[in-house]
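# Per-entry structural report
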Amino acid sequence: QVQLVESGGGLVQAGGSLRLSCAPSGRTFRRYAMGWFRQAPGKEREFVAAIKWSSGSQYYADSVKGRFTISRDNAKNTVYLQMNSLKPEETAIYYCAYKSVIGLVSAAVAYDYWGQGTQVTVSS
């Protein structure tokens, strides 16, 4: 089992920035990738960004390219999501996800473990 704990959510004005963190614990010896997804009220969960753990290759949804950056700190065993130029429509619960084996990193169904989510609210 792998446990994920997110932090860093909160309230920010449009155009502002937030940094989310996620630290996995437990049986993390098999880790292919980690990702961030978000879900707004009444909407489906959507892919935001992912990073392959060994190579550091990054993947982004088109809607966040150029504004969001996913990164990892191997020493701290932590993945981050730096979010800049936030928009009100990006208000959602943001989830960290852990993927054990090779496969599509943008598909929520491909991830094995999920955090409890952290609320991000962007005011206009």
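Quick summary incoming for the structure in this document. This is a predicted model, so every value here is computed, not measured.

Definitions and cut-offs
Residues numbered from 1 in each chain as written. Predicted model: local features only at pLDDT ≥ 70, side-chain atom pairs only at ≥ 80, totals over all residues. Heavy atoms only, no water. Pairing = 2+ DSSP bridges. Helix = DSSP H or I, 4+ residues; strand = E, 2+ residues; numbered from the N terminus. Axes fitted to C-alpha atoms, helices over the stretch in contact; angles between N-to-C directions. Buried < 20%, exposed > 50% of the residue type's maximum accessible area, 1.4 Å probe, protein only. Disulfide = S-S within 2.5 Å.

Now for the sheet that holds strand β7 (residues 68–73). Spatially, 4 strands are ordered β1-β3-β8-β7 in an open sheet, and the strand pairing comes out antiparallel. Each of the sheet's edge strands pairs with one partner strand only, and the pair in question is β1 (2–7) and β7. Strand-to-strand twist of the sheet, defined as the mean angle between neighbouring strand axes without regard to direction, takes the value 20 degrees. Here β1 runs beside strand β3 (residues 18–26); their pairing, made up of 6 bridges, is antiparallel. Within β3, the position partnered with L4 by the bridge is P24.

Burial analysis of strand β8 (residues 78–83) places 5 of its 6 residues in the buried class, the great majority of the element. Sheet topology note: the β7/β8 ladder contains 6 bridges and is antiparallel. Paired with F68 across the bridge in β8 is M83. Hairpin connection from β7 to β8: 4 residues lie between these consecutive antiparallel strands, with N77 at a positive phi of about 55 degrees.

Moving on to the environment of P41. You can see P41 is positioned in the loop between β4 (33–39) and β5 (46–52). Judged by relative accessible area, which is 76%, P41 ranks as exposed. A C-alpha to C-alpha distance of 25 Å links P41 and L104, two positions 63 residues apart in sequence.

Counted under the stated rule, the structure contains 1 disulfide. Two residues share a disulfide in this structure: C22 and C96, whose sulfurs sit 2.0 Å from each other. As the torsion about the S-S bond is roughly -80 degrees, the C22-C96 disulfide counts as left-handed. A residue pair is termed long-range when its members are at least 10 positions apart, and C22 in strand β3 and C96 in strand β9 (residues 92–99) qualify at 74 residues. Here C22 matches C96 in class, with each residue buried.

This next bit is on the pairing of β5. Of all 7 residues in β5, 5 are buried; the element is thus mostly enclosed. As judged from the 6 bridges shared by β4 and β5, these two strands associate in the antiparallel manner. Opposite W36, over in β5, you have A49 as the bridge partner. Following β4, the chain reverses through 6 residues before pairing antiparallel with β5; G42 in that reversal takes a positive phi of roughly 80 degrees. In terms of strand pairing, β5 meets strand β6 (residues 58–60) through 3 bridges, oriented antiparallel. By the bridge assignment for β6, A49 is matched with Y60. Linking two consecutive strands that pair antiparallel, namely β5 and β6, is a turn of 5 residues; a positive phi of about 80 degrees is found at G56 within it.

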